Amino acid sequence: MDEKFEIKNYMEKMVKKNLESQLEKRNNICKCDRCKLDMMAYALNHLPPKYVVTDKGSIFTRLQELEVQMNADITREVFKAIELVSKNKRHK
Ligand SMILES: [Zn+2]
């Protein structure tokens, strides 16, 4: 295996970005790392994975198109994740 290349789930990146921007607009909810990871896990379990091989410049145009296509789904699942996790915190 060529170690220059790596396989990544691009959905993780999109969910993280979406989560950060939704959390910026929310008040009175816990935004610690534990809760953010729980929110990401929830959203990722409800969205299809999008595996890509990194280190390929040409891939980005396609990923941007994918991001536009998936944006409504991601926003919906992330919103649900925030609701659920903020009401069921796993820590004190
Ligand atoms: Zn928390």
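As the structure is a prediction and not an experimental result, all values here were calculated from the model. (Residues numbered from 1 in each chain as written. Predicted model: local features only at pLDDT ≥ 70, side-chain atom pairs only at ≥ 80, totals over all residues. Heavy atoms only, no water.)

**Student:** I tried to follow the coordination of the zinc ion on my own but got confused; where do I start?
**Tutor:** Ideal values for angles at a metal depend on the geometry: 109.5 degrees with four tetrahedral donors, 90 or 180 degrees with six octahedral donors. Looking at the zinc ion, the protein donor atoms are C30 (SG), C32 (SG), C35 (SG) and H91 (NE2), and they sit 2.1 to 2.3 Å from it. Each of the four donor atoms bound to the zinc ion contributes to angles spanning 93 to 119 degrees, and the resulting shape is tetrahedral. Going along the chain, you hit the donors of the zinc ion in the pattern C-x1-C-x2-C-x55-H. (Donors = N, O, S within 2.8 Å, 3.2 Å for Na, K, Ca; no water. Tetrahedral: all angles 85-135°; square planar, octahedral: opposite > 155°, others 65-115°.)

**Student:** Whenever I open this one, the side chain of D38 confuses me. Can you help?
**Tutor:** Positionally, D38 belongs in helix 2 (residues 33-45). Among the residues examined, D38 registers a relative accessible area of 12% and is labelled buried. Excluding residues that lie within four positions of it along the chain, D38 makes contacts with V85 and R90. (Helix = DSSP H or I, 4+ residues; strand = E, 2+ residues; numbered from the N terminus. Buried < 20%, exposed > 50% of the residue type's maximum accessible area, 1.4 Å probe, protein only. Contact = heavy atoms within 4.5 Å.)

**Student:** Help me understand helix 2, please; the structure alone is not making it clear to me.
**Tutor:** Every α-helix carries 3.6 residues per turn, so stepping three or four residues along brings you back to the same face. A rise of 1.5 Å per residue sets the reference length of helix 2, with its 13 residues, at 18 Å; its end C-alpha atoms lie 18 Å apart and thus fit the reference within 8%. Listing the buried residues of helix 2 in full gives C35, K36, D38, M39, M40 and A43. (Expected span 1.5 Å × (residues − 1).)

**Student:** Whenever I open this one, the environment of E12 confuses me. Can you help?
**Tutor:** Position of E12 relative to the elements: it lies in helix 1 (residues 10-24). Along the chain, E12 and M40 lie 28 residues apart, while their C-alpha atoms are 7.7 Å from each other. If we ignore the near neighbours within four places in the chain, the residues touching E12 are M40 and L44.

**Student:** Can you help me understand the pattern of salt bridges in this one?
**Tutor:** A side chain of one charge can pair with a side chain of the opposite charge if their charged atoms are brought near each other. Applying the stated criterion to the full structure yields nine salt bridges. In this structure, the salt-bridge partner of K17 is E67, at a minimum N-O distance of 2.7 Å. Remark: E67 occurs in helix 3 (residues 59-87) and K17 occurs in helix 1; sequence separation between them is 50 residues. Looking at E67, the relative accessible area reads 17%, which means it is buried. With a closest N to O distance of 3.1 Å, K87 and E83 form a salt bridge. Highlighted residues: K87 and E83, both in helix 3, separated by four residues, approximately one helical turn. Here K87 falls in the exposed class, since its relative accessible area comes to 61%. Overall, the relative accessible area of 23% leaves E83 in the partly exposed class. Taken together, the shared-partner salt bridges connect D73, R76, E77 and K80 into one network. (Salt bridge = Lys/Arg side-chain N within 4 Å of Asp/Glu carboxyl O.)

**Student:** Just to check I follow, could you spell out helix 1 for this structure?
**Tutor:** Given a rise of 1.5 Å per residue, 15 residues ought to cover 21 Å, and the 22 Å separating the end C-alpha atoms of helix 1 matches this to within 8%. Within helix 1 the residues assigned to the buried category are Y10, M11, M14, V15, N18, L19, Q22 and L23.

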